[in-house]
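Remarks on the overall topology
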Amino acid sequence: MTLSRRRFLQGAAAAGAAASVPFYINRALAQDQVLRIYAWAGYFTDEMLSDFTAKTGIKATFTPYGTNDELMNSLRATDGSGFDVIMPTVDRVPGYLDYQLIQPLDTSRIHWDGCLDTAMKGSEVGGVIDDKRYFAPSDWGTEAIAYNTRYTDIDRSKLSYGDLWNPDIGEGVTVRAHSALIGIGLWLESQGKLPRPLLDSFKTEEAMRANFDVILAEAVKHKDMVIQFWSTENEAQGAFRTNGALIGQTWDSTAFRLQSEGEPIAYGAPKEGALAWMEGFVIPQNAQNVDAVYELINWYYTPEAGAMFVKSTGYNSTAVGAEELLPEATRQFFKESYTQQDLDNLWWWPVQDPWYVALRNEYQDRYLSA
């Protein structure tokens with residue numbers, strides 16, 4: 001993905017001074033409509049849904065999912081029916097188009113002035129296909145290293161994916177199996193131990209398999225240190241909260257939520273680069289209330305809605321001006337978690353074609369069953 005790392009925060013800072021985009025209520029669309037939202041767990045609170053209805057008159061229901069695979073499988077099972085809007089990561093969008101599950105956006109109906117320019121440009125790879133945009137960016141975040149400051153001795157300035165497998169920490173690691181393989185791959189690549197460049201291997205199955213063979217062997221070597229594998233946000237939090245995890249490769253939201261509960265959890269980007277992703281609004285092929293989806297997107301591209309999202313999730317909104325409305329604790333978490341060098345060094349997930357997802361799942365299963 002070609003998102004400008006350095007300019008992302010610069011874009012956010014400039015956005016704070018920008019005027020908020022006026023929200024135009026379309027009462028004609030609101031009559032007797034129910035917008036069916038299918039998004040990540042925790043992404044729409046009762047406060048957000050109530051505010052959306054108050055601003056537009058449109059009622060909305062929210063159904064949560066926990067993984068990209070769950071979302072894809074649900075849409076394939078219903079041939080793109082059942083929901084009006086979904087929120088996949090941008091690297092997965094081409095796969096939905098391969099299965100004819102989504103439709104292009106009518107970009108003229110979206111108040112793009114409410115979206116950070118850096119997010120728009122950064123979502124062109126994956127989100128724009130054959131000159132048609134399928135993806136309206138909503139948020140971005142990272143997967144990096146969360147660790148218990150009370151029971152680990154971590155040098156933040158030298159943080160590495162290899163710290164997960166430090167024998168001095170011992171049993172107490174939590175990871176998501178498939179992304180842990182990529183973290184290990186980046187660690188091995190930094191030592192010159194991969195047969196192919198990791199990013200280049202996303203282009204062919206042969207190259208990726210050659211890398212995964214080496215990565216899997218290293219992962220299995222340290223598997224006895226894993227106290228819990230996670231696949232959803234709740235599972236990642238639970239690993240630290242109740243199951244004794246001391247360090248893990250988790251989303252930033254995991255550490256944010258645990259910190260807000262008073263847990264001694266810090267979060268940092270390893271020197272190999274935090275895994276970065278972007279999510280956004282996509283319309284399924286057989287959506288029934290498309291008009292209401294545009295109202296949702298335009299509502300989200302206001303500072304107030306963006307700030308509500310950040311306060312709920314701990315992720316970073318693409319809504320212009322949202323940062324200015326955030327609580328001090330949220331701003332402080334971001335400041336403590338990322339240096340400017342970390343932001344310049346983000347490792348953005350490339351487009352994940354269906355062949356890669358199948359191969360990734362094969363090696364993930366082999367890792368879990370080893």
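A brief report on the enclosed structure follows. (Residues numbered from 1 in each chain as written. Predicted model: local features only at pLDDT ≥ 70, side-chain atom pairs only at ≥ 80, totals over all residues. Heavy atoms only, no water.)

1. Describing the nonpolar core
Core analysis: the biggest nonpolar cluster contains 123 residues, and Phe-44, Trp-165, Ile-182 and Tyr-367 have the highest contact counts within it. Tyr-367 has contacts with Trp-165, Val-175, Ala-177, Ala-180, Leu-181, Leu-216, Ala-219, Val-220, Lys-223, Val-226 and Phe-229, leaving out every residue within four places of it along the chain. (Core = buried A, V, L, I, M, F, W, Y, C linked by side-chain atoms within 4.5 Å. Buried < 20%, exposed > 50% of the residue type's maximum accessible area, 1.4 Å probe, protein only. Contact = heavy atoms within 4.5 Å.)

2. Some remarks on the side chain of Thr-318
Checked against the element boundaries, Thr-318 lands in the loop between β14 (316-317) and α14 (328-337). The class for Thr-318 is buried, based on a relative accessible area of 0%. Those residues in contact with Thr-318 that sit more than four places away from it in its chain are Gly-114, Cys-115, Leu-116, Ala-119, Pro-137, Ser-138, Asp-139, Tyr-300 and Tyr-301. (Helix = DSSP H or I, 4+ residues; strand = E, 2+ residues; numbered from the N terminus.)

3. Some points on the packing of helix α11 (residues 252-260) against helix α13 (residues 303-313)
Two elements in contact, α11 and α13, have axes separated by 9 Å at closest approach and are oriented at 75 degrees. With respect to each other, α11 and α13 are oriented roughly perpendicular. Between α11, through Ser-253, Phe-256 and Arg-257, and α13, the contact on the second element is made entirely by Lys-311, Ser-312 and Thr-313. (Axes fitted to C-alpha atoms, helices over the stretch in contact; angles between N-to-C directions. Parallel < 35°, antiparallel > 145°, perpendicular 65-115°, else oblique.)

4. Observations regarding the packing of aromatic side chains
Overall, the coordinates contain 27 aromatic pairs when judged by the stated rule. Consider the rings of Phe-202 and Trp-347, whose centres lie 6.1 Å apart with planes at 55 degrees: the pair is tilted. One end of the pair, Phe-202, is in the loop between α8 (177-190) and α9 (205-221); the other, Trp-347, is in strand β15 (residues 347-348), and 145 residues separate them in sequence. Each member of the pair, Phe-202 as well as Trp-347, is classed as buried. Look at Trp-230 and Trp-251: their rings are 4.8 Å apart centre to centre, the planes differ by 70 degrees, and that puts the pair in the edge-to-face class. Here Trp-251 lies in strand β10 (residues 247-251) and Trp-230 lies in the loop between β9 (226-229) and α10 (233-241), a separation of 21 residues in the sequence. (Phe/Tyr/Trp six-rings, centres within 6.5 Å; stacked < 30°, edge-to-face > 60°.)

5. Observations concerning the environment of Tyr-363
Turning to its location among the elements, Tyr-363 is positioned in helix α16 (residues 354-369). On a C-alpha basis, the gap between Tyr-363 and Leu-343 in space is 29 Å, while along the polypeptide they are 20 residues apart. Residue contacts for Tyr-363: discarding those within four places in its chain leaves Leu-181, Arg-209, Phe-212, Asp-213 and Leu-216.

6. A few points about the sheet that holds strand β1 (residues 34-40)
The three strands lie next to each other as β2-β1-β3, forming an open sheet whose pairing is parallel. Pairing within the sheet leaves two strands with one partner each, and these edge strands are β2 (59-65) and β3 (85-86). Of the pairings in the sheet, the one linking β1 to β2 comprises seven bridges and is parallel in character. Bridge pairing in β2 places Tyr-38 opposite Thr-63. Sitting on the sheet, helix α12 (residues 290-300) touches β1 and β3, and the angle it makes with β1 is about 55 degrees. (Pairing = 2+ DSSP bridges.)

7. A short note on the pairing of strand β12 (residues 275-281)
Of all seven residues in β12, seven are buried; the element is thus mostly enclosed. Across the two faces of β12 the burial is the same, with Leu-275, Trp-277, Glu-279 and Phe-281 and Ala-276, Met-278 and Gly-280 all buried. Across seven bridges, the pairing between strand β7 (residues 136-148) and β12 is antiparallel. By the bridge assignment, Gly-141 is partnered in β12 with Trp-277.

8. A look at the environment of Tyr-151
Along the chain, the position of Tyr-151 falls in the loop between β7 and β8 (173-175). Take Tyr-151: its relative accessible area is 57%, and that puts it in the exposed class. Measuring from C-alpha to C-alpha, the distance between Tyr-151 and Ile-247 comes to 9.3 Å, with 96 residues separating the pair along the chain.

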